[in-house]
Amino acid sequence: SGIGRNWPWASGGSSILAEFGTLHLEFVHLSHLSGNPVFAEKVMNIRKVLNRLDKPEGLYPNYLNPSSGQWGQHHVSIGGLGDSFYEYLLKAWLMSDKTDEDGKKMYYDAVQAIETHLIRKSSGGLTYIAEWKGGLLEHKMGHLTCFAGGMFALGADGAPSDKTGHHIELGAEIARTCHESYDRTRMKLGPEAFRFDGGVEAIATRQNEKYYILRPEVIETYMYMWRLTHDPKYRQWGWEAVEALEKHCRVGGGYSGIRDVYKNHEIHDDVQQSFFLSETLKYLYLLFSEDDLLPFEHWVFNTEAHPLPVLHKDDGNKEENQK
């Protein structure tokens, strides 16, 4: 119909941060391919609006009203509804061959706010990223949030010089917490969300959070941590996931999600999600490949793990000379 529509549940028909904030890479690439700058201009305009807006504690809420241009409910998540926006600030800078200074500044400012207000350590020593609801923390971390370990490590190189090691360490700690969420289940596959309250750590306590739908985020973080540190435990943890997938998710027609990863026997949901092929298996393949397969200096992965080329500064000059 050509008419835009938002989900009625999204804070009064608001737009969702992960949707309108997760277009930079594709649209910049489209401008590069077509030679038409309009695509990149559209997404950079969204970013300018976000940059100017007053942000609660420096955090980006998940909802923005497209009519008023104001934030909806002050819910903040580095998992579902928010996740890929942060990843794209960093990757827009990387894809621009580190020339997109606005993207870089917005990313490191956001990470600073996340560290101050969302990242906590459990009594058992596990670092996790909580969710923020109107100033109150919910001590829950979603499987989707587990991508952030890889993001922190990938961004370590551009962090202020005294923070590089800290960002790698933060990535490693998130990777360990997410591995624990897998290791503490019967099936060695992580739940959709896990909690740090009421005496539990890295365990799902609610029935509607105990499922695993072949998600890639934990393996994605293992792949980045392996590439950036070459610590063999990340390959070991990845192989544990391979064995669990083969044992519990493999079915006659492919692979299926599991309804409860804490049970002794599998109850399959009979769905093979599309991201299982585009992300889970691809990140596993890259985890066990040499670093020169899709090397980070030449490629960035969008939020669904599709590789997009870094637009090197000298590429434009080469094209001009060829003309």
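All of these numbers come straight from a predicted model, not from anything done at the bench. Numbering of residues starts from 1 in every chain and runs along the sequence as written. At least 70 in pLDDT is required for a residue's local features to be given in this predicted model, at least 80 for side-chain atom pairs to be given and counted, and no such filter applies to totals for whole chains, interfaces and linings, which use all residues. With hydrogens and water excluded, all non-hydrogen atoms of the structure serve as input to the side-chain values.

1. Side note on the overall build of the protein
Logical step 1: Secondary structure is summarised from DSSP: a helix means a run of H or I of at least four residues, a strand means a run of E of at least two, and numbering begins at the N terminus for each. Secondary structure summary: the protein contains eleven helices and 13 strands in total.
Logical step 2: Its C-alpha atoms give the protein a radius of gyration of 20 Å, near enough to 20 Å, the size a compact globule of 323 residues would have.
Logical step 3: For every residue, the accessible area (1.4 Å probe, protein chains only) is compared with the maximum for its type, and the residue is labelled buried under 20%, exposed over 50%, or partly exposed between those bounds. Classification of the 323 residues of the protein by burial places 52% in the buried group.
Logical step 4: In this description, contact between two residues means that some pair of their heavy atoms is separated by no more than 4.5 Å. When contacts within the protein are restricted to residue pairs at least 6 apart in sequence, those whose partners lie at least 24 apart make up 62%. With C-alpha atoms as the basis for the radius of gyration, the globule rule is written as 2.2 Å multiplied by the number of residues raised to the power 0.38.

2. Structural notes on the packing of helix H7 (residues 164-183) against helix H9 (residues 233-249)
Logical step 1: Between H7 and H9, the shortest axis-to-axis distance is 12 Å and the interhelical angle comes to 25°. When the axis of H7 is compared with that of H9, the two are roughly parallel. As for how H7 packs across H9, the hand of that crossing is left-handed. Contacts between H7 and H9 involve Ala172, Ala175, Arg176 and His179 from the former and Tyr234, Trp237 and Glu240 from the latter. Angular values range over 0 to 180 degrees, each being the angle between N-to-C directions of two axes fitted as lines to C-alpha atoms, with helices fitted over their stretch in contact. Reported orientations rely on four angle classes, namely roughly parallel under 35 degrees, roughly antiparallel over 145, roughly perpendicular from 65 to 115, and oblique for the rest. Should the near helix be turned counterclockwise from the far one by less than a right angle, the crossing is left-handed, whereas a clockwise turn marks it as right-handed.

3. Some remarks on the environment of histidine 143
Logical step 1: In this structure, histidine 143 sits in the loop between strand E8 (140-142) and helix H6 (148-154).
Logical step 2: Accessibility expressed as a relative area gives 1% for histidine 143, which makes it buried.
Logical step 3: C-alpha separation for the pair histidine 143 and glycine 190, spaced 47 residues apart in sequence, amounts to 7.2 Å.
Logical step 4: In contact with histidine 143, other than residues within four places in its own chain, are Tyr182, Gly190, Pro191, Glu192, Ala193, Tyr212, Arg215, Pro216, Glu217 and Val218.
Logical step 5: Any pair of nitrogen or oxygen atoms within 3.5 Å is treated as a polar contact; in protein, a donor-acceptor pairing is required on top of that, and neighbouring residues in sequence qualify only through side-chain atoms on both sides. A distance of 2.7 Å separates polar atoms of two side chains, one belonging to histidine 143 and the other to tyrosine 182.

4. Overview of unusual backbone geometry
Logical step 1: Its identity is not glycine, yet serine 11 carries a phi of approximately 50°, on the positive side.
Logical step 2: Assignment of secondary structure puts serine 11 in the segment before strand E1 (15-16).
Logical step 3: Looking at serine 11, the relative accessible area reads 16%, which means it is buried.
Logical step 4: Positive phi is not limited to glycine here, since lysine 188 has a value of about 60°.
Logical step 5: Its location among the elements puts lysine 188 in the loop between H7 and strand E9 (193-195).
Logical step 6: Judged by relative accessible area, which is 38%, lysine 188 ranks as partly exposed.

5. Quick notes on the sheet that holds strand E3 (residues 75-76)
Logical step 1: Overall, antiparallel pairing links the three strands, which are arranged E3-E6-E7 in an open sheet. Only two strands of the sheet have a single partner each, and these edge strands are E3 and strand E7 (136-138).
Logical step 2: DSSP-based pairing: two strands are paired if at least 2 bridges between them are found. As judged from the three bridges shared by strand E6 (residues 131-133) and E7, these two strands associate in the antiparallel manner. By the bridge assignment for E7, lysine 133 is matched with leucine 136.

6. Here's the deal with the nonpolar core
Logical step 1: Leu50, Tyr60, Tyr86, Ile114, Ile129, Met141 and Phe152 are the most contacted members of the largest nonpolar core, which has 86 residues in total.
Logical step 2: With nine residues, helix H4 (residues 83-95) is the largest single contributor of residues to this core.
Logical step 3: Setting aside chain neighbours within four positions, we find isoleucine 129 in contact with Ile78, Ile114, Leu118, Ile119, Lys140, Met141, Thr145, Ala148, Phe152 and Ile174. For this analysis, a nonpolar core means a set of buried residues of the types Ala, Val, Leu, Ile, Met, Phe, Trp, Tyr and Cys, connected via side-chain atoms within 4.5 Å.

7. Notes on the UniProt feature "binding site: Ca(2+)" (unreviewed entry) in the protein
Logical step 1: Under the present numbering, the feature "binding site: Ca(2+)" (unreviewed entry) in UniProt falls on Thr303.
Logical step 2: Within the fold, threonine 303 resides in the loop between strand E12 (299-301) and strand E13 (307-309).
Logical step 3: Residue classification places threonine 303 among the partly exposed residues on the basis of a relative accessible area of 24%.
Logical step 4: Those residues in contact with threonine 303 that sit more than four places away from it in its chain are Thr22, Ser84, Glu87, Tyr88 and Glu279.
Logical step 5: At 3.3 Å, the side chain of threonine 303 and the side chain of glutamate 87 are in polar contact. UniProt positions are given in the numbering used here, feature names are shortened, and annotations may be inferred rather than shown by experiment.

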